[in-house]
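Notes for the structure review
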Amino acid sequence: MYLHQRIDSSRLVVLLAQWTRAERAPAQQDVAEQLGQWLSVVDAVELNGSLRSIEAHMAPSAAGDESAIDAQALEDLLHKTKADLTRLATAPARSARPLRERADNTPVEQPDPQVQADFAAHGPRYAEQQKQLDARLGALRTQVRAALLKGPAPLRQLAALDGVMEQMLGVREQRLWASLPGHLERRFVQLRKAHQARVQASGQADDPLRWRQAGGWLAGFEQDLQALLLAEMQVRMQPIMGLLEAARNENRRTGNQE
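Residues numbered from 1 in each chain as written. Predicted model: local features only at pLDDT ≥ 70, side-chain atom pairs only at ≥ 80, totals over all residues. Heavy atoms only, no water.

A tally of regular secondary structure across the protein gives nine helices and zero strands. Each helix and strand of the protein, placed in order from N terminus to C terminus, yields the pattern α-α-α-α-α-α-α-α-α. Burial status across the protein gives 40% buried among its 258 residues. A total accessible area of about 14800 Å² is found for the protein, and carbon and sulfur atoms account for 53% of it. (Helix = DSSP H or I, 4+ residues; strand = E, 2+ residues; numbered from the N terminus. Buried < 20%, exposed > 50% of the residue type's maximum accessible area, 1.4 Å probe, protein only. Areas by Shrake-Rupley, 256 points an atom, 1.4 Å probe, with all protein chains shown as cover.)

See the structure below:
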């Protein structure tokens, strides 16, 4: 229930649901419901066994063997990582061709609109961004978990549980991330077809130079690409934010200053 609620409330699901409705696709299972059905009965039994093992073997440390968690330092690190990844996600698309004059007089520093009209120019870019998200946030999650394992028993139990959940859900998460470029490509095709229909209905000639200008279909797709990246980042960050929130709460409970 918690996993379903967490996914259902994310910007990722909201965005994908909007795109799905815009496609006017046949009635299908709710996006959040599809993503939330990650734990089978076997998984639930395995998780229950892991919980019992963590509770049984994570005894309180000897007096003086526990240290307060510097939650503020970890939170600062999260903010820095988020800012770095946000800058990468929102950076303008780079030119897909060598910087030289073009026949259509497009400024050389701008991406060629004709090249950008093919999704092949965008798929690898999204995949590279995903690698950055996976590497940076994966390393940060491991670092936060390691810090909690040095703290009081409740935090050590939570860190151990997070390790179990990451291992249990890791394969399913990777499948989810791998599916996002497919959603993005369908959105790309949808926007391009809508643009072509508008041009045909107007009876005017198409102007590739306007595609990336405000209101153009490529400009709209660029906004959607960035929105999807930021929504994916939000979901990937949630386990880390949960660990940090628990550390802050534990510090307040025990009277330790952050």
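Having seen the model, we can carry on.
On to the side chain of Gln-226, then. Mapped onto the elements, Gln-226 comes out in helix α9 (residues 217–254). With a relative accessible area of 17%, Gln-226 lands in the buried category. In terms of polar contacts, Gln-226 uses its side chain to reach the side chain of Glu-222, at 3.0 Å. Apart from residues lying up to four places away in sequence, Gln-226 is in contact with Ala-89, Thr-90, Ala-91 and Arg-125. (Polar contact = N/O pair within 3.5 Å; in protein donor to acceptor, adjacent residues only side chain to side chain. Contact = heavy atoms within 4.5 Å.)

A word on the confidence of the model for the protein. Per-residue pLDDT for the protein averages 81, and the proportion of residues at 70 or more is 71%. Confidence over residues 1–8 falls short of pLDDT 50; this stretch has 13 contacts with residues more than four positions distant or in other chains. (pLDDT = per-residue confidence, 0-100.)

End to end, helix α8 (residues 153–202) covers 68 Å across 50 residues, agreeing with the expected 74 Å (1.5 Å per residue, within 8%). Count one or two residues on from α8 and you reach Gly-203, which has phi positive near 75°. (Expected span 1.5 Å × (residues − 1).)

The packing of two helices is summarised by the inter-axis angle and the distance between the axes. Running from amino to carboxyl end, helix α7 (residues 123–148) crosses α9 at an angle of 5°, the nearest separation of the two axes being 10 Å. Between α7 and α9, the crossing angle belongs to the class labelled roughly parallel. Classifying every residue of the contact of α7 with α9 by side-chain character gives 16 nonpolar, three polar and seven charged. (Axes fitted to C-alpha atoms, helices over the stretch in contact; angles between N-to-C directions. Parallel < 35°, antiparallel > 145°, perpendicular 65-115°, else oblique. Nonpolar A, V, L, I, M, F, W, Y, C, P; charged D, E, K, R; others polar.)

What follows deals with the nonpolar core. Formed by 43 residues in total, the largest nonpolar core has its most connected members in Leu-12, Val-144, Leu-148, Leu-184 and Leu-228. Mapped by element, the contributors of at least two residues to this core are α2 (11–22), α5 (71–89), α7, α8 and α9. Broken down by element, this core gets its largest block of residues, 16 residues, from α9. For Leu-184, the contacting residues outside a window of four places in its chain are Trp-19, Phe-119, Tyr-126, Phe-221, Leu-225 and Leu-228. (Core = buried A, V, L, I, M, F, W, Y, C linked by side-chain atoms within 4.5 Å.)

Moving on, we come to the pattern of salt bridges. Scanning the entire structure with this criterion turns up 14 salt bridges. In this structure, Asp-162 engages Arg-141 in a salt bridge whose closest nitrogen and oxygen atoms are separated by 2.8 Å. With Asp-162 in helix α8 and Arg-141 in helix α7, this residue pair connects regions lying 21 residues apart in the sequence. Since its relative accessible area comes to 8%, Asp-162 is described here as buried. Arg-253 is the salt-bridge partner of Glu-250, the closest N and O atoms lying 2.6 Å from each other. Here Glu-250 and its partner Arg-253 are both found in helix α9, three residues apart, which amounts to about one turn of the helix. Classification of Arg-253 as exposed rests on a relative accessible area of 59%. Within the structure, one salt-bridge network assembled from shared partners comprises Lys-80, Asp-84, Arg-87 and Arg-136. (Salt bridge = Lys/Arg side-chain N within 4 Å of Asp/Glu carboxyl O.)

The subject of this paragraph is the packing of aromatic side chains. The description of an aromatic ring pair rests on the distance of the ring centres and on the angle between the ring planes. Enumeration according to the criterion identifies five aromatic pairs in this entry. For the ring pair Phe-188 and Trp-217, a centre distance of 5.3 Å and an interplane angle of 65° mean the geometry is edge-to-face. Here Phe-188, found in helix α8, pairs with Trp-217, found in helix α9; they are 29 residues apart in sequence, far enough to count as distant. You can call Trp-217 buried: its relative accessible area is 5%. These aromatic residues form a ring-pair network of at least three members: Phe-119, Phe-188, Trp-211, Trp-217 and Phe-221. (Phe/Tyr/Trp six-rings, centres within 6.5 Å; stacked < 30°, edge-to-face > 60°.)

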